[in-house]
Amino acid sequence: MAGPKSSPAAAAKSTATTPSSTSSSLTPATSNAVQTLWKAYNEATSSRLKTIDAFLVFLMLSGIAQFLYCALVTNFPFNAFLAGFGSCVGQFVLTASLRSQVNPENRTEFKEVSPERCVHVKHHNIVSCFLTRYLVHSPISP
């Protein structure tokens, strides 16, 4: 009876270490996939599209920040939240449309409009949206 017996605590310890080693093996695969995606994005995407993507990320983060502020802190001037959040969504839609038209992979869908004209027209739309946002919704003191 001097043989080694495994205790339930030792068995639980050995099974507890097994899932952690499995989950840690998924982390390098996930990071490798993200690194591969990032590398392919940097190599294949033009600087014009990267600039538009950066602005899209800014608009998305701005809208998220406004929504979280309204949900967590206060929604006292609810009309101000609606105006700010709505203008972020509108600018995001206009900029996503610009990205779609400027992307070289979509030239077959936008044959009649050159990328330069797309940028000019959408730039005019975005500037007018900014002016509407900041001049109409901001109080001007005399």
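Residues numbered from 1 in each chain as written. Predicted model: local features only at pLDDT ≥ 70, side-chain atom pairs only at ≥ 80, totals over all residues. Heavy atoms only, no water.

K.L.:
Whenever I open this one, the overall build of the protein chain confuses me. Can you help?
P.N.:
Secondary structure assignment for the protein chain yields four helices and zero strands. The order of α-helices and β-strands along the protein chain, N terminus first, is α-α-α-α. Put simply, 63% of the contacts in the protein chain that link residues at least 6 apart link residues at least 24 apart. Carbon and sulfur atoms form 68% of the exposed surface of the protein chain, whose accessible area is close to 10700 Å². (Helix = DSSP H or I, 4+ residues; strand = E, 2+ residues; numbered from the N terminus. Contact = heavy atoms within 4.5 Å. Areas by Shrake-Rupley, 256 points an atom, 1.4 Å probe, with all protein chains shown as cover.)

K.L.:
Even after reading the chapter, I still don't get the nonpolar core, so can you show me in this structure?
P.N.:
Most often, soluble globular proteins have nonpolar side chains that are buried together. Counting residues in hydrophobic clusters, the biggest one holds five residues: Leu49, Ile52, Leu56, Leu98 and Val102. At the level of elements, helix H2 (47–72) and helix H3 (78–102) are the ones that each hand at least two residues to this core. The element best represented in this core is H2, accounting for three residues. (Core = buried A, V, L, I, M, F, W, Y, C linked by side-chain atoms within 4.5 Å. Buried < 20%, exposed > 50% of the residue type's maximum accessible area, 1.4 Å probe, protein only.)

K.L.:
For this particular structure, what's the right way to read the environment of Glu116?
P.N.:
For Glu116, the location among the structural elements is in helix H4 (residues 115–136). Put simply, Glu116 and Gln101 are 15 residues apart on the chain and 9.9 Å apart in space, counted from C-alpha to C-alpha.

K.L.:
Help me understand the packing of H2 against H3 in this model?
P.N.:
Where H2 contacts H3, the axes come no closer than 9 Å and their chain directions differ by 160 degrees. Compared by their axis directions, H2 and H3 come out roughly antiparallel. As for how H2 packs across H3, the hand of that crossing is left-handed. The class makeup of the residues in the contact of H2 with H3 is 16 nonpolar, six polar and three charged. (Axes fitted to C-alpha atoms, helices over the stretch in contact; angles between N-to-C directions. Parallel < 35°, antiparallel > 145°, perpendicular 65-115°, else oblique. Left-handed = near helix turned anticlockwise from the far one by under 90°. Nonpolar A, V, L, I, M, F, W, Y, C, P; charged D, E, K, R; others polar.)

K.L.:
Just checking my understanding: could you explain the side chain of Asp53 for this structure?
P.N.:
Inspection of the secondary structure puts Asp53 in helix H2. Once residues lying within four places of it in the same chain are set aside, the contact partners of Asp53 are Tyr41, Thr45 and Arg99.

K.L.:
Is there a simple way to think about the UniProt feature "transmembrane region" (unreviewed entry) in the protein chain in this case?
P.N.:
Mapped onto the present numbering, the UniProt feature "transmembrane region" (unreviewed entry) falls at residues 54–74. With 90% helix and 0% strand, residues 54–74 has end C-alpha atoms that lie 29 Å from one another. (UniProt positions renumbered as here; feature names shortened; annotations may be inferred.)

K.L.:
Got a minute to help me understand H2 in this structure?
P.N.:
Residue pairs three or four apart in sequence face the same way in an α-helix, which turns once every 3.6 residues. Between its first and last C-alpha, H2 extends 37 Å over 26 residues, near the 38 Å set by a 1.5 Å rise per residue. Buried within H2 are the following residues: Leu49, Ile52, Asp53, Leu56, Leu59, Ser62, Gly63 and Cys70. (Expected span 1.5 Å × (residues − 1).)

K.L.:
So what exactly am I meant to see when it comes to the pattern of salt bridges here?
P.N.:
Once their charged atoms are close, side chains differing in charge can pair, the charge on each being opposite to the other. Following the criterion strictly, the structure yields one salt bridge and no others. Notably, a salt bridge pairs Arg99 with Asp53, separated by 2.4 Å at the nearest N-O pair. Placement of Arg99 in helix H3 and of Asp53 in helix H2 is noted, with a sequence separation of 46 residues between them. (Salt bridge = Lys/Arg side-chain N within 4 Å of Asp/Glu carboxyl O.)

K.L.:
Sorry, what's going on with the environment of Ser46 here?
P.N.:
Locating Ser46 in the fold gives a position in the loop between helix H1 (8–44) and H2. The sequence separation of Ser46 and Pro104 amounts to 58 residues, and the corresponding C-alpha distance is 9.3 Å.

K.L.:
Before we go on, may I ask you to explain the packing of aromatic side chains in this structure?
P.N.:
Here the distance between the centres and the angle between the planes together describe a pair of aromatic rings. Inspection of every chain in the model, using the stated rule, returns six aromatic pairs. Consider the rings of Phe78 and Phe81, whose centres lie 5.7 Å apart with planes at 40 degrees: the pair is tilted. Of this pair, Phe78 and Phe81 both sit in helix H3, separated by three residues, roughly a single helical turn. Residue Phe81 is classed as buried on the basis of its relative accessible area, which comes to 15%. Members of the aromatic cluster, connected to one another through ring pairs, are Phe67, Phe78, Phe81 and Phe85. (Phe/Tyr/Trp six-rings, centres within 6.5 Å; stacked < 30°, edge-to-face > 60°.)

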